[in-house]
Amino acid sequence: MAHKAGFVNIIGNPNVGKSTLMNAFIGEKLSIITSKAQTTRHRILGIVNGDDFQVILSDTPGIIKPAYELQASMMDFVKSAFEDADVLVYMVEVGEKMLKDADFFKKITHSKIPVLLLLNKIDISNQEQLEAQVDHWKEQVPNAEIYPISALEGFNVENVFQRIVELLPESPAFYPKDQLTDKPERFFVNETIREKILLHYKKEIPYAVEVETEEFFEDDKIIRIRSVIMVERDTQKGIIIGHKGTAIKRVGSEARKDLEAFFDKQIHIELYVKVNKNWRSDQKQLKRFGYNQK
């Protein structure tokens with residue numbers, strides 16, 4: 001049998017379950033997941049290998065109207081997902097009616113490549129709702145194949161994956177067959193710490209934070225990590241640290257547990273907080289953090 005390989009890019013509004021789906025396909029937690037919008041900031045590749053296929057999945061930020069430079073850079077990652085896709089996965093959730101950006105929606109409906117429209121979170125809907133939603137999306141995106149799924153519960157996920165493999169072009173593998181992602185270890189350290197901040201802090205704090213891992217030393221038994229949490233203002237620094245350092249200790253403790261499971265090794269982690277004023281609107285800083293690729 002001929003070998004198939006290609007890029008499968010997942011797009012949709014914030015919080016529709018894109019990261020949950022990608023992690024379900026891969027069987028590993030590559031993308032962080034929280035109930036907050038804009039959890040995913042980068043375009044993250046996850047690679048699923050079989051004897052006769054390689055599926056290169058791409059999780060992208062939720063589609064929004066950018067309000068500052070960081071968000072504009074996030075939307076550039078989404079635009080790039082249209083450029084190299086062999087299969088486009090457009091995710092919506094039950095009750096949703098439209099993509100938040102008309103230009104992106106037009107690109108989907110005029111796509112020359114296969115489009116799979118996944119109607120997610122059907123575990124919280126009834127049959128009548130589901131049928132109405134399927135009819136709605138058939139009308140909105142007539143060029144798409146529609147699959148009701150529950151990414152969280154795993155319902156219909158395997159069928160969608162098999163269909164993706166069927167749609168891929170014949171091609172040799174793009175990456176070594178033992179490779180899981182295109183991101184380095186430090187990226188997953190940063191994202192794990194940022195996930196804990198998204199979970200435990202409110203209002204603007206999680207969106208004003210960037211994490212940078214300055215040291216990552218690995219030996220046979222332990223990985224020693226030193227990471228810096230960047231904030232935009234002194235008041236945010238105080239909130240991140242918390243009374244007598246309790247808040248930042250919780251972040252470090254929870255991140256360490258997740259990273260030990262991810263790397264299957266003992267982890268020693270040190271966290272520091274620095275003020276980096278207006279980094280979200282600074283082109284140079286965004287480039288340094290891997291956002292602005294222009």
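My aim in this report is to walk through the structure given alongside it, one point at a time. (Residues numbered from 1 in each chain as written. Predicted model: local features only at pLDDT ≥ 70, side-chain atom pairs only at ≥ 80, totals over all residues. Heavy atoms only, no water.)

**Some details on the packing of aromatic side chains**
Applicable threshold: Stacked, tilted and edge-to-face pairs are distinguished by plane angle, under 30 degrees for stacked and over 60 for edge-to-face with tilted covering the rest, among Phe, Tyr and Trp rings (Trp via its six-membered ring) whose centres lie within 6.5 Å. Think of it this way: any DSSP run of H or I at least four residues long counts as a helix, any run of E at least two long counts as a strand, and we number them from the N terminus. Buried residues are those whose accessible area, probed at 1.4 Å on protein chains only, stays under 20% of the maximum for their type, while exposed residues exceed 50% and partly exposed ones sit between those limits. Look at NZ for Lys and CZ for Arg. If either is within 6 Å of the ring centre and within 35 degrees of the ring normal, a charge sits over the ring.
Counted by the stated rule, this structure contains nine aromatic pairs. On the numbers, 5.5 Å between centres and 50° between planes, the contact of Phe-25 with Phe-161 is tilted. Of this pair, Phe-25 sits in helix H1 (residues 18-26) while Phe-161 sits in helix H5 (residues 157-167), placing them 136 residues apart in sequence. Overall, Phe-161 belongs to the buried group, its relative accessible area being 7%. By the ring-pair criterion, three or more aromatic residues cluster together here, those being Phe-187, Phe-188, Phe-216, Phe-262 and Phe-263. The ring of Tyr-272 is capped by Arg-226, whose NZ or CZ atom sits 4.2 Å from the centre of that ring.

**What to know about the nonpolar core**
General note: in soluble globular proteins, nonpolar side chains tend to be found buried as a group. Keep this limit in mind: For this analysis, a nonpolar core means a set of buried residues of the types Ala, Val, Leu, Ile, Met, Phe, Trp, Tyr and Cys, connected via side-chain atoms within 4.5 Å. Note on contacts: a residue pair qualifies if any of its non-hydrogen atoms lie within 4.5 Å across the two residues.
Within the largest apolar cluster, 29 residues are counted, with the highest numbers of intra-cluster contacts made by Leu-21, Val-55, Leu-57 and Leu-118. For this core, the secondary-structure elements that each account for two or more residues are strand S1 (4-12), H1, strand S2 (44-50), strand S3 (53-59), strand S4 (87-93), strand S5 (115-120), H5 and helix H6 (185-200). The dominant element in this core, judged by the number of residues it contributes, is H5, at six residues. Those residues within four positions of Leu-118 in sequence are excluded, and the remaining contacts are Leu-21, Val-89, Tyr-90, Met-91, Val-92, Tyr-147, Ile-149 and Val-160. One finds Val-189, Val-211, Ile-225 and Leu-271 within the second-largest nonpolar core, a separate group that totals 23 residues.

**Structural notes on the packing of H6 against helix H8 (residues 246-263)**
Just so we agree on the cut-off: Between N-to-C directions, angles span 0 to 180 degrees; the directions come from axes that are lines fitted to C-alpha atoms, helices contributing only their stretch in contact. The labels follow the angle: roughly parallel below 35 degrees, roughly antiparallel above 145, roughly perpendicular from 65 to 115, and oblique for the rest. By convention, the crossing between two helices is left-handed when the near helix turns anticlockwise from the far helix through less than a right angle, and right-handed when the turn is clockwise. Polar here means any residue outside two lists: the nonpolar Ala, Val, Leu, Ile, Met, Phe, Trp, Tyr, Cys and Pro, and the charged Asp, Glu, Lys and Arg; Gly therefore counts as polar.
It is at 9 Å that the axes of H6 and H8 come closest, and there the two elements cross at 140°. When the axes of H6 and H8 are compared, the pair comes out oblique. Crossing hand, H6 versus H8: right-handed. On the side of H6, the interface is formed by Glu-185, Phe-188, Val-189, Thr-192, Ile-193, Glu-195, Lys-196, Ile-197 and His-200, while H8 contributes Arg-250, Val-251, Glu-254, Ala-255, Asp-258, Leu-259, Phe-262 and Phe-263. By residue class, the composition of the contact of H6 with H8 is nine nonpolar, two polar and six charged.

By themselves, these are just geometric observations and shouldn't be taken as functional.
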